[in-house]
Amino acid sequence: DEKIVHQILQGEIAGEPLPDALLVVADATTLQRSLGLVLEAIEHGLPTLLVLTMIDEVKARGGRLDPMALSRELGVHVLGVVGHRGVGLAPLRKFLEDPASWPRPSAADAVNIENSQERFARVDALCAAAAAADLEPDRRSDRIDRVLLHPWIGLGVFGLVMVLLFQSIFAWAVPAMDVIDEGFGWLAGASREVLPAGLFADLIADGVIAGVGGVVIFLPQIVILFTFLHLLQDVGYMARAAFVIDRVMGWAGLQGRSFVPLLSCFACAIPGMMAARTIASPRERLATILVAPFM
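Bear in mind that the values here come from a model prediction, so they are computed numbers and not experimental data.

Engineer: Which residues make up the sheet that holds strand S1 (residues 22-27), and what values go with them?
Structural biologist: Read across the sheet, 3 strands follow the order S1-S2-S3 without closing on themselves; strand pairing throughout is parallel. In the strand order of this sheet, the two ends are held by S1 and strand S3 (77-80), each with one partner. Going from strand to strand, the sheet's axes swing by 20° on average, the running direction of each strand aside. Each of S1 and strand S2 (48-53) touches helix H2 (residues 31-42); the most contacted strand, S1, lies at about 170° to it.

Engineer: Quick one: what's the story with helix H12 (residues 237-250), residue by residue and with numbers?
Structural biologist: With 14 residues, H12 should cover 20 Å at 1.5 Å per step; its first-to-last C-alpha distance of 20 Å lies within 8% of that length. The sharpest bend along H12 comes to roughly 35°, located at Val244. Listed in full, the buried residues belonging to H12 are Tyr237, Met238, Arg240, Ala241, Ala242, Val244, Ile245 and Met249. Tucked into the core, H12 has its buried residues touching helix H7 (139-148), helix H8 (153-172), helix H11 (219-234) and helix H13 (259-264).

Engineer: Describe the side chain of Ser71, listing the residues and the values that go with them.
Structural biologist: Note that Ser71 resides in helix H4 (residues 67-74). Those residues in contact with Ser71, other than ones at most four positions away along the chain, are Val76, His77 and Val78.

Engineer: Give me the packing of H2 against helix H6 (residues 116-129): which residues, what numbers.
Structural biologist: One way to put it is that H2 packs onto H6 with a least axis distance of 9 Å and a crossing angle of 115°. By crossing handedness, the relation of H2 to H6 is classed as right-handed. Contacts from Gln32, Leu35, Gly36, Leu39 and Glu40 in H2 reach Arg119, Arg122, Val123, Asp124, Leu126 and Cys127 in H6. Here the contact of H2 with H6 is built from residues that sort into 5 nonpolar, 2 polar and 4 charged.

Engineer: Any details on the side chain of Gln255? Residues and values, ideally.
Structural biologist: Relative to the elements of secondary structure, Gln255 occurs in the loop between H12 and H13. Once residues within four sequence positions are removed from consideration, Gln255 is found in contact with Asp246, Met249, Ile279 and Glu284.

Engineer: For the pairing of S2, give the residues involved together with the corresponding values.
Structural biologist: With 5 of its 6 residues buried, S2 lies for the most part within the structure. With 6 bridges joining them, S1 and S2 adopt parallel strand pairing. Residue pairing for S2: Asp27 is matched across the bridge by Thr53. Running through H2, the crossover from S1 to the neighbouring parallel element S2 is right-handed. Where S2 lies against S3, 4 bridges are found, and the strand directions are parallel. Each residue of the ladder has a partner; that of Val51, found in S3, is Leu79.

Cut-offs applied
- Residues numbered from 1 in each chain as written.
- Predicted model: local features only at pLDDT ≥ 70, side-chain atom pairs only at ≥ 80, totals over all residues.
- Heavy atoms only, no water.
- Pairing = 2+ DSSP bridges.
- Helix = DSSP H or I, 4+ residues; strand = E, 2+ residues; numbered from the N terminus.
- Axes fitted to C-alpha atoms, helices over the stretch in contact; angles between N-to-C directions.
- Contact = heavy atoms within 4.5 Å.
- Expected span 1.5 Å × (residues − 1).
- Bend = angle between axes of the 7 residues up to and from the residue.
- Buried < 20%, exposed > 50% of the residue type's maximum accessible area, 1.4 Å probe, protein only.
- Left-handed = near helix turned anticlockwise from the far one by under 90°.
- Nonpolar A, V, L, I, M, F, W, Y, C, P; charged D, E, K, R; others polar.
- Right-handed = clockwise from strand over helix to strand, strands pointing away.

Bear in mind that shape data such as this cannot, by itself, settle questions of function.
Rendered as structure tokens:
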């Protein structure tokens, strides 16, 4: 993915024009780490807009940040947003209406820094200019991690979460599945009553209606599974679960990152296989794909 992006920005892919502008999104809580990539993007000389997310978290953790000073130093627009609260989204939408109006980095701003030490010296200077102070540690997250990432307690919590997840899929979904099954059974019977006996009635009742019903009946399980996955992702547990299960997955020659695609395979193996593309190792990616249908 990164290579394709680089080739497009370099104009190296036939038939793919250079983008009109670049929208770069960076986490304000890890600004020092993000600015190296921002500098590389600016070096292409295209109109660029830098969007800093989680600016509320910076303030909550005792930090400070001056987007205007950073904008002056970089020579591009810098906009702070808080996505889940909608803060800063209105001006962002306004900017997106006319990317051609975004400032194009000057030659001084877009200088190509080959030496990594020089690049990160430039990053340090940018952080100082933007008054980006070091943040206080996220103590609440640290306290949670001491429990959820513990070698034994973490595995116990993981086991309880998985029991709850699969209990919901295979028990709580049963009433809704029964209703769907009875509904399609009634519909198939009703179609036989109004249609003359023969191949066409069989096609409608046993083919179309029963076939669609055989797929729709799994909808409650899929809805519950992906609702749980979304909730676990939203509260930050999925990344922790992948870390905890990494050691266990290693016994099968896989890694913790294989856990999320395999978990989604309980609903359908196809999206799980597609999700395996995020696994960097070709060997582990292929192993995850081959295991997926058995889930």
